[in-house]
Amino acid sequence: MDETLFGRHTKRGSVASTTTIHCLDHDLFCIIFSFLDLFDLVRCSAVCTFWNRIVCRSQLLHALFHRHSTVSTPATSSDKCLTVHLEELALERHRSFLLHGRIDVDQWKCHSVGQCRMKMGSLLSGVGDKAVRIWSVESYKCLEEYYVPDMVQLDDFDFDESKVVGLIGTRICIWRRHGKRSTFPSHEGTLPKGICMRYSDPEAFVGCEDGTAHVFDMYSRRCSRIIRMHASSLTCVALSEDQLILSGSSLGGVSMTCLSDQRVATLKPSGSAGIKTLCLNRSSHLVFAGSTAGHVYCWDLRKMKMLWETKASTNVIYTLQAMHNDKSTLAVGGIDGVLRLLKQDTGEIVSRCVMETEAPARSTRKIINARRCGRRISEDTQIDSIPRTLRPPITCLAVGMKKIVTTHNCKNIRVWKFS
């Protein structure tokens, strides 16, 4: 879940403001917090450790939960029920704001950002450049920067709390966050050129132009498996938590295999267009794919059956993503620059978003070079009538709580905030 909702305490405010807050009486805080609803109280508990301690020790969250809950639960399971209830509440608000809320768009220039990954309130950007950067999604400031060795091009990347893993041709580069960089050849230099990569500690999964997937152990620095996935080049890779690998092909089709037995199964779309992007929803076991012809497909892994197909755009779909644990909404972006929101269960397009044409609003943050409102357009809107400056191709996107981050070929990053 988003860190602004669940217990990741951030250091906000100046020393003076923090001192003033801590001078207030504990009982006074309890009185103030008692007037809040459940959702606002959770947000307050994530402001700082001091507020979190007051909210938790006063049992305000539990009291509000039991007041709104229609099911009586034993005391031993109350904490678990509270966590589930808060998550459901947050996801419901997330869905509602994405589909019906006001849209504000912040944009800033950075570097070549063909791809992005977002985790724990941080955004990793790069590809096509000589560096990767980690940004704060809240302040938009660059927090960390890592340079690609030997002036070669970065093809793909992923990251976690301790490291950034990058694919550079036939090699994998590891940047220890706040530490050293290491680069090692892939399987003694015999690996064909890598196209795409995903990382799940301790292994990196690389899709290659010869249709194989190579699995690398980050600690032994060796290739542990080579799996034939397609007869053509792999274009995208997705991973599940139970060692399932899915890959898309430039000639169409999605293949999947499990590392335990390495048998390959195929999910076939109705058309022959190449698969450009993949998204696996681990909570619902649904797989989504975007094609070069503008189609979005959905399969149920439990039944190995296609559920629906939607013509989302007349051009290529570059990227699609859903927020972790959200079984409702899928965000889709592509070459026409329109941010589309689809229902995960039916494929229905429920919203189409672009930036407003009005002059940018003033921003107090120097890093932001454009702040505009977003608007929802109807199905009948002529996309070509909207200026390209307002809808540059969306090369990649990432979904967070009530926000979507998009990257563009024009070296811009946009944060779409729904409220």
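Residues numbered from 1 in each chain as written. Predicted model: local features only at pLDDT ≥ 70, side-chain atom pairs only at ≥ 80, totals over all residues. Heavy atoms only, no water.

Looking at an unreviewed UniProt entry, one finds the protein chain named F-box domain-containing protein and attributed to Kalanchoe fedtschenkoi.

Chemist: So what exactly am I meant to see when it comes to the overall build of the protein chain here?
Modeler: Along the protein chain, the regular secondary structure elements total six helices and 29 strands. For the protein chain, buried positions account for 52% of its 419 residues. Contacts in the protein chain between residues far apart in sequence, at least 24 positions, make up 47% of those at least 6 positions apart. When the accessible surface of the protein chain is split by element, carbon and sulfur atoms take 51% of a total near 19,500 Å². (Helix = DSSP H or I, 4+ residues; strand = E, 2+ residues; numbered from the N terminus. Buried < 20%, exposed > 50% of the residue type's maximum accessible area, 1.4 Å probe, protein only. Contact = heavy atoms within 4.5 Å. Areas by Shrake-Rupley, 256 points an atom, 1.4 Å probe, with all protein chains shown as cover.)

Chemist: Please explain the sheet that holds strand β24 (residues 339-343) as it appears in this structure.
Modeler: Think of a sheet as strands paired side by side through backbone hydrogen bonds, with each pair either parallel or antiparallel. Ordered in space as β22-β23-β24-β25-β26-β1-β29-β28-β27, the nine strands form an open sheet in which the pairing is antiparallel. Taken across any chain shown, the strands that pair with only one partner, and hence form the sheet edges, are β22 (317-321) and β27 (394-400). Between one strand and the next, the sheet's axes are offset by a mean angle of 25 degrees, whatever the strand orientation. Here strand β23 (residues 329-334) runs beside β24; their pairing, made up of four bridges, is antiparallel. (Pairing = 2+ DSSP bridges. Axes fitted to C-alpha atoms, helices over the stretch in contact; angles between N-to-C directions.)

Chemist: Before we go on, may I ask you to explain the side chain of Arg 352 in this structure?
Modeler: Note on placement: Arg 352 falls in strand β25 (residues 349-355). It turns out Arg 352 is buried and unbridged, and the closest side chain with the opposite charge, Glu 379, is 4.5 Å from it. Setting aside its immediate chain neighbours within four residues, Arg 352 contacts Val 338, Leu 339, Arg 340, Arg 375, Arg 376, Ile 377, Ser 378 and Glu 379. (Lys, Arg positive; Asp, Glu negative; His and termini not counted. Salt bridge = Lys/Arg side-chain N within 4 Å of Asp/Glu carboxyl O.)

Chemist: Please explain the packing of aromatic side chains as it appears in this structure.
Modeler: Aromatic ring pairs are described here by two measures, namely the spacing of the ring centres and the angle between the planes. Taken as a whole, this structure holds nine aromatic pairs when the rule is applied. Ring plane angle 20 degrees and centroid distance 4.7 Å describe the contact between Trp 108 and Tyr 140, whose orientation is recorded as stacked. Of this pair, Trp 108 sits in strand β1 (residues 103-109) while Tyr 140 sits in the loop between β4 (131-136) and β5 (142-147), and the two are 32 residues apart along the sequence. For Tyr 140, a relative accessible area of 0% translates into the label buried. Of the aromatic side chains, those joined through ring pairs into one cluster are Phe 29, Phe 33, Phe 50 and Trp 51. Above the face of the Phe 157 ring, Arg 117 is positioned so that its terminal group lies 5.5 Å from the ring centre. Here the basic side chain of Lys 119 rests over the ring of Phe 159, its NZ or CZ set 5.5 Å away from the ring centre. (Phe/Tyr/Trp six-rings, centres within 6.5 Å; stacked < 30°, edge-to-face > 60°. Lys NZ or Arg CZ within 6 Å of the ring centre and 35° of its normal.)

Chemist: I'm lost on the packing of helix α2 (residues 26-33) against helix α4 (residues 49-57) in this one. Help?
Modeler: For any two helices packed against each other, the geometry is given by the interaxial angle and the distance between the axes. Where α2 meets α4, the axes come as close as 10 Å, and the angle between the chain directions of the two elements is 70 degrees. By the angle between their directions, the pair α2 and α4 is classed as roughly perpendicular. Between α2 and α4, the residues in contact are His 26, Phe 29, Cys 30 and Phe 33 and Phe 50, Trp 51, Ile 54 and Val 55, respectively. (Parallel < 35°, antiparallel > 145°, perpendicular 65-115°, else oblique.)

Chemist: Help me out: how do you make sense of α4 in this one?
Modeler: Three- or four-residue spacings in an α-helix give side chains the same orientation, since the helix completes a turn every 3.6 residues. Turning to α4, its buried residues number three or more, namely Phe 50, Trp 51, Asn 52, Ile 54 and Val 55. Remark: Gln 59 follows α4 within two positions and exhibits a positive phi of approximately 60 degrees.

Chemist: Whenever I open this one, unusual backbone geometry confuses me. Can you help?
Modeler: In terms of backbone geometry, most residues other than glycine have negative phi values and most peptide bonds are trans. A cis geometry characterises the amide bond from Asp 201 onward to Pro 202, with omega recorded as 10 degrees. Assignment of secondary structure puts Pro 202 in the loop between β10 (194-200) and β11 (203-208). One non-glycine residue, Met 120, lies in positive phi territory at about 55 degrees. For Met 120, the location among the structural elements is in the loop between β2 (115-119) and β3 (122-126). Judged by its relative accessible area of 32%, Met 120 is partly exposed.

Chemist: Would you mind showing me how to read the environment of Arg 198 here?
Modeler: Inspection of the secondary structure puts Arg 198 in strand β10. Discounting chain neighbours no more than four positions away, the residues touching Arg 198 are Arg 117, Asp 156, Asp 158, Glu 203, Ala 204, Phe 205, Val 237 and Leu 239.

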